Each structure stands twice: as structure tokens, then as C-alpha cells.
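# Inside the fold
Chain by chain, the residues run as shown.
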Amino acid sequence: MHKFILMFFFALSLISCGTDTDTGEFVVGSDYLALNNKVILVDTLTVEMSTINLDSLITSTQSRILIGNYDDPLFGKIKSDSYFQLSTNTYALNNSGSDTEAIKYVFDSISMILKYDNYYFGDTTKVQTFDIHRLIQKVKPNTEDNNFYNNSKLNYSPESLGTISYKPRPIEKDSINIKMSDAFGAELFQKLKKREVTDFDTFTEYLKGFVLVPSSSNSSSVIGFSASTSKVRLYYSKYQADTEETPYILDFTILDKTKQFNSISSDKSGTLLQNLSVPTSKLASSLTEHQGFIQSGTGVSCRIDFPNIKQFKHISDNGAIVAAELLLKPVNNSYSDKYPLSDSLSVYVADNLNRISGTLLNSESKSVYGILNKKTDEFNENIGYTIPIGGFLQKEMLKPTDSRSCLILTLPALSKAVNRVVLGDQKHLNNKIQLKIYYISY
């Protein structure tokens, strides 16, 4: 549908006046403000939607321990294990360097204290269970870039050093406390007491690290804990005849954030995404019930293509796209209190093989986001993400070659969360994607 509107009205309401034009971002100058010029509103351009799976996401240095699993009716079985290396500021008991003093110390207990960081996703009313395992492989990346990814894994002992079954309270509570094996704690204590562990090197040779592994028998939620304030705490005391014992603690923390990462996996069997394959391919929305999918942590992203954008060059001898707005609507019943919508979407520019070149930028070189309109009505018709893409489409229209770029949509917390969004395409029954392009002919 073409709607003809007076140029002067839209120049005032939609366009910032300037004096320059370039082939990338068109700026309307005063020379074009003539009443015989027209702005055309085009809302019938084909928009193709598909789902892709990014190759890998860096999950180290995110400062979040992400642990848990849940069965997602749309995305499959989601699971996050968390690996980390520990260290401490001192590897000596509180004996002021006196070996005689150290003889009086006795082991009490050992615990892992995980501090909530307020992130959660899924059903926190159900019990979640996970175990602590000891790593038998050093926390060292297999890659040359010193990063760990969502598909990274390290070998660990099958023996559990501690387990907890709890109902997560990430907003109401401060932390959870997991009592660890007394045998393990006593052994570590003796290593310190006998000065067999005296520095970081001897400590990591003895204790390479831990991994937290959620139980496969129950699925409910994924919870975030602070990598900066969580710790393993060793409790010991000084024995004194005829007096009360004096308690002491020694904390082991994640001092090196590059040595903590989350291994996030998804089993898509039996879902619409089960055929989502290599990172360079795409799964058309026509094969997924006219829907596009996004999920943090697993790399599932939504791709948007504009196959006919070059045809705009033929509308008039002289013209340009001065503004464009893409409205993406979450599919009804795909979100809830358990699966909340993100406040925004991140937008990237990529080539035909899904290789990202950078974020989508506006005329001021600032990143463009899809902003959620939260206003609800009876049928949730107003809920959607709005993305301004006029500059992007202008560049695509004027490209001298047949190559085209696409947009890749993700969620902002891409590497340290498991939130997800389901969007409707142009043929979706209730939640159609909408594109409005304002084109000026002069």
C-alpha cells in the first residue's frame, strides 16, 4: 500500500534538517523542503525471518556463576554447568609463622557459599538440585585466545564433594550454603597445616578447581550467583586447654575472572529447532510455524533479511529512504512471569554467512537497540520491539553490488543468561512483523 502524504508535514515531524547528504545516512537539507516533493509510506516490502545458531559465545570473564537446568517447551532442555578456579590471598593458617602454634589447630568444616546476583530464569517455586565436583583438568583454554565458551568443558571427578536441593530465592535471600565433604576439607586443611601447599602454584596443582553440575532428575530454573563474592570457606579452630576454642576461617575465592566460565547446552530434540544446524546456515520461519527464535547463552538468534530493498532505486529518478521502523511482535503465550520478555534486543549487521561485522549504528555512531513497548491491551497487540533502520536500508538500497547484509537480533545479556524471545514473521496469524519505510522523491 502506498500512502501519499504532504512532504512539509513529515519533514517537520520525522526528519532532522541539515545541509549534507551522503550515500549511507540520508539527511534532508533545506533544498528539498518543497511542497511538490512527496514522502511515500511503504509498508508492503518483503521481510524474511529465519533462525540461526551462532558458533560459540565467550562465557568467561562474565562475573556470573550460572547454574541450573529446565525443560523449555519451545527451545528444549537447557542446562548450565559452571567451572571455576579458586585462590586465596594467603596459604598459611593463622599461626604468625610459628610451626609450634600450627600444631594446636584442628579442622572443623568446609562449605561453599554462593551469593545470589539477582538473576534467575524459569520456575523458582520448584526444587533445584546440583552437585560440586572436583576438576581433574587444569582451568586452561584449548583455544589460543585464552577464552572459554558456552561449549567449553573440562574433565572432573564423578565423586560429589557436596550437594544441595533448594528452592531458589534470588531476590529474597542473600546466599546459599552447601556443606562440603569433611574428608576433602580435612585433607586440604592438612596440606595447609603441614605447609605442603604454600602458594598459588602448589595449591592449583593440588586443587585445580570445581564444577557445579545440576541434577538431570529435576528441571526447573537457571540461577545466577556472583563470581566476585562467592567463595569456599574453610573453618578451623585453635585448641586451648581449659578454655574455649578460638574459631578461624580461610576463604578461597575466584580472583581471576578469566578462570570462571559457564558451559551452556541445549537439547533441541523434538522441538521446531531440532534441525537448526551449522552456524553458516539459517532455518527459515516458514519451517518453524512462522516464528523466529532468540535465546541467550545457547547462541540461538533471529535473522532478518530484506531481499527486495534494491527495488526502491526504481521508485523515482531521485529519491532516498529518510526513515524506517521495524516492529517485531513476541508470539502470544510464548512469554509469561516464568519466561519474561527482555526490555530490549541487540541488533547486529552480518553477511549472508551470518558473519557479524558489528552492531547496527545510527547517524551519531551509537548502537541501535530494539526497545520493548510494554503497553498492554486486551489482545497484547501493542507489545513489541521497535527498531529504527532507515540508515541501514538506505545503504542497502545504494549498494553497487548484488551483495546484501542482514540484521541479527540477540538479547543484551548474550553470554551470561538463558532468556529467550519468540517473534512472529510476516505470515504469522496474530503477531506479524511490520516494516514502515518513509521514502522521499524529489
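Whatever comes next refers back to the structure up there.
First, a word on scope: everything that follows refers to the structure included in this document. (Residues numbered from 1 in each chain as written. Predicted model: local features only at pLDDT ≥ 70, side-chain atom pairs only at ≥ 80, totals over all residues. Heavy atoms only, no water.)

### Here's the deal with helix H3 (residues 182-193)
- Over its 12 residues, H3 runs 16 Å from end to end, which matches the ideal 16 Å to within 8%, given 1.5 Å per residue.
- All of the buried residues in H3 are Phe-184, Gly-185, Leu-188, Phe-189 and Leu-192. The arc that holds every buried residue of H3, seen down its axis, measures 135 degrees, which confines them to one face.
- With a side-chain oxygen positioned 3.3 Å from the backbone nitrogen of Ala-183, the residue opening H3 is Ser-181.
- In the stretch just after H3, Arg-195 is the one whose phi turns positive, near 60 degrees. (Helix = DSSP H or I, 4+ residues; strand = E, 2+ residues; numbered from the N terminus. Expected span 1.5 Å × (residues − 1). Buried < 20%, exposed > 50% of the residue type's maximum accessible area, 1.4 Å probe, protein only. Arc of directions from axis to C-beta. Polar contact = N/O pair within 3.5 Å; in protein donor to acceptor, adjacent residues only side chain to side chain.)

### Some thoughts on helix H5 (residues 390-398)
- Counting buried residues along H5, 7 of its 9 residues qualify, which places the element largely inside the surrounding structure.
- Against the buried residues of H5 lie strand E18 (319-328), strand E19 (344-350), strand E22 (384-388), strand E23 (406-410) and strand E25 (434-441). (Contact = heavy atoms within 4.5 Å.)

### Side note on the pairing of strand E7 (residues 128-135)
- In terms of burial, E7 is a largely internal element, 8 of the 8 residues being buried.
- Pairing of E7 with strand E8 (residues 156-166) involves 7 bridges; the strand directions are antiparallel. Following the sheet pairing, Asp-131 is matched in E8 by Thr-163.
- Here E7 pairs with strand E10 (residues 210-214) via 5 bridges, running antiparallel. In the strand pairing of E10, His-133 is matched with Val-211. (Pairing = 2+ DSSP bridges.)

### Remarks on the pattern of salt bridges
- According to the stated counting rule, one finds 17 salt bridges in the structure shown.
- Taking the shortest distance from any N to any O, the salt bridge between Lys-115 and Asp-174 comes out at 2.9 Å. Remark: Asp-174 occurs in the loop between E8 and strand E9 (175-179) and Lys-115 occurs in strand E6 (residues 105-122); sequence separation between them is 59 residues.
- Overall, the relative accessible area of 22% leaves Lys-115 in the partly exposed class. (Salt bridge = Lys/Arg side-chain N within 4 Å of Asp/Glu carboxyl O.)

### Brief notes about the side chain of Ser-82
- Relative to the helices and strands, Ser-82 resides in strand E5 (residues 76-84).
- Here the side chain of Ser-82 touches Gln-260 through a polar contact of 3.1 Å, side chain to side chain.
- A polar atom in the side chain of Ser-82 sits 2.8 Å from the side chain of Asn-262.

### A short note on the nonpolar core
- Formed by 39 residues in total, the largest nonpolar core has its most connected members in Ile-304, Phe-306, Ile-389, Leu-393 and Leu-409.
- When residues in this core are grouped by element, the largest group, 4 residues, is from E18. (Core = buried A, V, L, I, M, F, W, Y, C linked by side-chain atoms within 4.5 Å.)

### Focus on the environment of Lys-126
- With respect to the helices, strands and loops of the structure, Lys-126 is situated in the loop between E6 and E7.
- On the accessibility criterion, Lys-126 (44% relative accessible area) is partly exposed.
- C-alpha separation for the pair Lys-126 and Pro-168, spaced 42 residues apart in sequence, amounts to 8.0 Å.

### Description of unusual backbone geometry
- The residue Asn-146 is not glycine, and still its phi comes out positive at about 65 degrees.
- The phi angle at Asn-354 is positive, at roughly 65 degrees, despite the residue not being glycine.
- For Asn-354, the location among the structural elements is in the loop between E19 and strand E20 (356-359).

So, to be careful, I would describe these as geometric facts and stop short of saying anything about function.
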